[in-house]
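# Topology and contacts: notes
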Amino acid sequence: MTDALWACPLAFSNLPLEDLYWLWATLLLENHVVLVTENLALLTATVIALLGLLKPFRWASPVVCTLPQSLLDILSSPVPILVGLPVSRDLIIRNHINQRYDHCLFVFLDDGTIAADASVRKTVVLPGFGGFLERLRPLYAHFNTARSINGLEETPKSPQRTTESRNLCYKPKSSDIDVAVNILEAFRHTLEENVIALLPKQAPFSDEHPTMFNGEKLLAAMLGRNADEKVFLTRFVRTPVSYTHLRAHETGRNLVCRLLLEKKK
């Protein structure tokens, strides 16, 4: 948690809660995400903060906080990526970069808009997790009370916010750090309660191949415990990295993912 803590106040003060929640779900479902702003401090902080919100899961794919324009071909990566691009929104649109890499979600941090193919946006499913978004709102209001006008997923034609309308937290106080800790803990607890707690006590293996992990059996077991999140959990379990690397092993508490879950210290 501490590695992301310094970045959270700045990232939270910029992003309305709905936008942060959407980005969180986008990364949980292992999409190609490109954050765009010329503000290097904001760019780096947002990348690091988003990684912190995924815990106890780990982002198992490439991360680049500031990608030079000369290395844009990295966006063609066949595996999910989280990249910060230090350029302007106008440059992306004018040079049709978002169309060239149409499998990526380009998120413009300065004005709260997004450029992405409709088919890619439709892959993002927001989990309910028992009304977690609304429960988090009073705590998040310490940093940001703005509401997302259209939501990142709507791709509004005009900016939602301007630089003048934001009050970015570049120099957090101790009270800001305390609230950031509570927000990170809330996200972590939610994932433990709504995802990890659903894992079966015995690793699900294939009937035909007893040593082969069976992702569909895992999904069925999880849905048996929480059918309300069927759409999200189905896409979550079937994402490439989850399906390939979700090799469960028993611990004293439950099954954990060897590569995607952070080891408890």
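What counts and how
Residues numbered from 1 in each chain as written. Predicted model: local features only at pLDDT ≥ 70, side-chain atom pairs only at ≥ 80, totals over all residues. Heavy atoms only, no water. Helix = DSSP H or I, 4+ residues; strand = E, 2+ residues; numbered from the N terminus. Buried < 20%, exposed > 50% of the residue type's maximum accessible area, 1.4 Å probe, protein only. Phe/Tyr/Trp six-rings, centres within 6.5 Å; stacked < 30°, edge-to-face > 60°. Lys NZ or Arg CZ within 6 Å of the ring centre and 35° of its normal. Salt bridge = Lys/Arg side-chain N within 4 Å of Asp/Glu carboxyl O. Arc of directions from axis to C-beta. Axes fitted to C-alpha atoms, helices over the stretch in contact; angles between N-to-C directions. Parallel < 35°, antiparallel > 145°, perpendicular 65-115°, else oblique. Left-handed = near helix turned anticlockwise from the far one by under 90°. Contact = heavy atoms within 4.5 Å. Nonpolar A, V, L, I, M, F, W, Y, C, P; charged D, E, K, R; others polar. Pairing = 2+ DSSP bridges. Core = buried A, V, L, I, M, F, W, Y, C linked by side-chain atoms within 4.5 Å.

Moving on, we get to the environment of D178. The residue D178 is located in helix α9 (residues 174-194) in this model. Taking relative accessible area as the criterion, D178 reaches 49% and is therefore assigned partly exposed. Measuring from C-alpha to C-alpha, the distance between D178 and L5 comes to 9.6 Å, with 173 residues separating the pair along the chain.

How two aromatic rings sit relative to each other is given by the distance of their centres and the angle of their planes. All told, the structure shown has eleven aromatic pairs when counted by the stated rule. Ring geometry for Y21 against W24: centres 5.3 Å apart, planes inclined by 45°, an arrangement best described as tilted. Within this pair, Y21 and its partner W24 are both found in helix α3 (residues 17-28), separated by three residues, close to a single helical turn. Here the two residues Y21 and W24 agree in accessibility, since each one is buried. Note on W24: relative accessible area 0%, which makes it buried. In textbook terms, an aromatic cluster arises when at least three aromatic residues are bridged by ring pairs, as seen for Y21, W24, F57, F129, F132, F187, F232 and F236. Its guanidinium or amino end placed over the ring of F108, R89 lies 5.1 Å from that ring's centre, counting from NZ or CZ.

Moving on, we get to the pattern of salt bridges. Scanning all chains against the criterion turns up five salt bridges. A salt bridge links E18 to R137, with the nearest nitrogen and oxygen atoms 3.1 Å apart. Here R137 lies in helix α8 (residues 132-140) and E18 lies in helix α3, a separation of 119 residues in the sequence. As a salt-bridge pair, R89 and D111 come within 3.4 Å of each other at their nearest N and O atoms. Taken together, the residues span a long stretch of sequence, with R89 in helix α5 (residues 89-94) and D111 in the loop between β4 (104-108) and β5 (113-115) at a distance of 22 residues. The class of R89 is partly exposed, set by a relative accessible area of 26%. D111 gets classed as buried once you look at its relative accessible area, which sits at 10%. Through salt bridges that share partners, E18, E134 and R137 make up one connected network.

Within the span of α8, buried status applies to F132, L133, L136, R137 and Y140. Buried residues in α8, looked at end-on, bunch into an arc of 145°, giving them a common side.

The next thing to look at is the packing of α3 against α9. One can describe the packing of α3 onto α9 by two numbers: an axis separation of 14 Å at closest approach and a directional angle of 45°. Classified by the interaxial angle, the pair formed by α3 and α9 is oblique. For the pair α3 and α9, the crossing hand works out as right-handed. Residue-level contacts link L20, W24 and L28 of α3 to F187, T190 and L191 of α9. Residues of the contact of α3 with α9, tallied by class, amount to five nonpolar, one polar and no charged.

This part covers the pairing of strand β1 (residues 32-36). Where burial is concerned, most of β1 is hidden: five out of the five residues are buried. On β1, burial covers both faces: H32, V34 and V36 on one face and V33 and L35 on the other are all buried. Here five bridges tie β1 to β4, and the two strands are oriented parallel to one another. For V33, the partnering residue across the bridge sits in β4 and is L105. Examined bridge by bridge, β1 and strand β3 (residues 82-85) share four bridges and lie parallel to one another. The residue of β3 that forms the bridge with L35 is G84.

It is worth spelling out the nonpolar core at this point. By size, the foremost hydrophobic cluster in this structure holds 64 residues, and its most contacted members are W24 and L35. Residues contacting L35, with those up to four places away along its chain left out, are L23, L43, T46, V47, L50, L82, V83, G84, L85, V107 and L109. Listed in part, the 17 residues of the second largest apolar core include L75, I97, C104 and F108.

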